[in-house]
Structures are given as structure tokens and as C-alpha cells.
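One-letter residues, chain by chain:
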Amino acid sequence: MESLLVSDYMNTHPVKLNGDMTVAEAVEALLACGQSGGPVIDVKGKVIGFLSEQDCIAQMIASSYYREQICRVAEIMKAPVVVIKPYLSVIELAQLLIKNKPRVYPVVDDDGVLVGSINRTAVLRAIDVQLRSGYQRAS
């Protein structure tokens, strides 16, 4: 299988959340873009956390039960975040996905600035494309 890079399959327009957003605003952003979670970035674009659908659901249930109105993303985001570089091999990322739970990985440049995201579906697609092209060459 030839070399596959994360940069070739990553989403270059991921949802970008910030810590000051309310969870309700973050939920709207996630729903609008159809992503299951997203990186939380600071004013310089550096990833400081990650917010998943699961985090939002848990907070929304607690808010409805306790009748709390406002919770900020910074209060419930996960940190630190496992991030990857765009020049990482998709195969190496696939091996990480097998061992670890994140469904979405923020992709950052060498300065830690968000440049994209990649999820399990994109990794599966990349491997499938390579396997199909390999089968066609073998035929």
C-alpha cells in the first residue's frame, strides 16, 4: 500500500469552537456541520480542548434536570487533546484508532494551529481507495 497522508483525506473546514461559547451554541455549530465533535481553539487558532456530542448530551440532560441555563464549552471540554500532524500516515492513524477511543482527531501544524480534522470514516475511505486501486493493478 502506498503512502497515504492525513492531509490528503482530512476535513479542511472543521467546526471550530471556543471556550466562551455556550454549550447550546456549540450544539448548534455541531449540528449545522454534521460533525460528532470539534476542537476548541484559542484566539491564535491553537487547539486547547475538544468537545464531543457525548459531552453535550450529558450537559444538556444535567441542565434540564437542574434547570441551569448556561454552561460554557470551557467548563466541559476535554483537555489535553490528542492531535495529529497532516504529514502523519493514514495507516499510522488507523492503528491509533484501533487502540484509542477518539472518533475525530484535530489536525494541527507544527505550531499547534488547527488546520483540519479527520475522522474514522475518512480513514476508512482512504484505506478503501488504496485497496481498490491495488486490486485493479493486480487484475
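For the structure, see preceding data.
Residues numbered from 1 in each chain as written. Predicted model: local features only at pLDDT ≥ 70, side-chain atom pairs only at ≥ 80, totals over all residues. Heavy atoms only, no water.

Colleague: Would you mind showing me how to read the overall build of the protein here?
Modeller: Looking only at helices and strands, the protein has 6 helices and 4 strands in total. The order of helices and strands in the protein, counted from the N terminus, is α-α-β-β-α-α-α-β-β-α. Taken across its 139 residues, the protein has 39% of its residues classed as buried. By sequence separation, contacts in the protein at least 24 residues apart represent 59% of the contacts at least 6 residues apart. (Helix = DSSP H or I, 4+ residues; strand = E, 2+ residues; numbered from the N terminus. Buried < 20%, exposed > 50% of the residue type's maximum accessible area, 1.4 Å probe, protein only. Contact = heavy atoms within 4.5 Å.)

Colleague: Please clarify how the environment of G38 should be interpreted in this entry.
Modeller: Examined against the element boundaries, G38 turns out to sit in strand 1 (residues 37–41). Using a relative accessible area of 0% as the deciding quantity, one classes G38 as buried. Expressed as a C-alpha distance, the spacing of G38 and G49, which sit 11 residues apart in the sequence, is 8.7 Å. Setting aside residues no more than four positions away along its own chain, G38 makes contact with V15, L17, L30, F50 and L51.

Colleague: Would you mind going over the pattern of salt bridges with me for this structure?
Modeller: For side chains of opposite charge, pairing can occur when their charged atoms come near one another. Enumeration over the complete set of coordinates arrives at 3 salt bridges. The shortest N-O distance in the salt bridge between D110 and K85 comes to 3.9 Å. With D110 in the loop between strand 3 (104–108) and strand 4 (114–119) and K85 in the loop between helix 4 (73–76) and helix 5 (90–99), the pair connects residues that are 25 residues apart, well separated along the chain. The exposure class of K85 is partly exposed, given its relative accessible area of 26%. (Salt bridge = Lys/Arg side-chain N within 4 Å of Asp/Glu carboxyl O.)

Colleague: Could you clarify how one ought to interpret the side chain of S52 in this entry?
Modeller: For S52, the location among the structural elements is in strand 2 (residues 47–52). Given the relative accessible area of 17%, S52 is considered buried.

Colleague: Explanation requested: the layout of surface pockets in the structure shown.
Modeller: Considering only enclosed or pocket space, the largest pocket measures out at about 490 Å³ in volume. Lining of the largest pocket is provided by 16 residues; of these, F50, S52, K101, P102 and R103 occupy positions nearest its centre. At the level of secondary structure, the elements contributing two or more residues to the lining of the largest pocket comprise strand 2, helix 3 (53–66) and strand 3. Looking at which element gives the most residues to the lining of the largest pocket, the answer is helix 3, with 3 residues. Looking at side-chain class alone, the lining of the largest pocket contains 7 nonpolar, 4 polar and 5 charged residues. In this structure, the second largest pocket encloses a volume near 170 Å³. What lines the second largest pocket is a set of 13 residues, among which N11, Q35, V104, S117 and N119 lie closest to the centre. Secondary structure elements with two or more residues in the lining of the second largest pocket: strand 4 and helix 6 (120–138). For the lining of the second largest pocket, the element with the highest residue contribution is strand 4, accounting for 3 residues. (1 Å grid on protein atoms, 1.4 Å probe; cavity = no way out; pocket = protein on both sides within 12 Å on 5 of 7 lines; lining within 4 Å. Points joined across faces, edges and corners; volume = space filled by probe spheres on them. Nonpolar A, V, L, I, M, F, W, Y, C, P; charged D, E, K, R; others polar.)

Colleague: Would you explain the state of the cysteines in this entry?
Modeller: In total, this model carries 0 disulfides according to the counting rule given. Unpaired in this structure, C56 has its nearest cysteine sulfur neighbour in C71, at a distance of 9.2 Å. According to the relative accessible area criterion, C56 is buried, its value standing at 3%. (Disulfide = S-S within 2.5 Å.)

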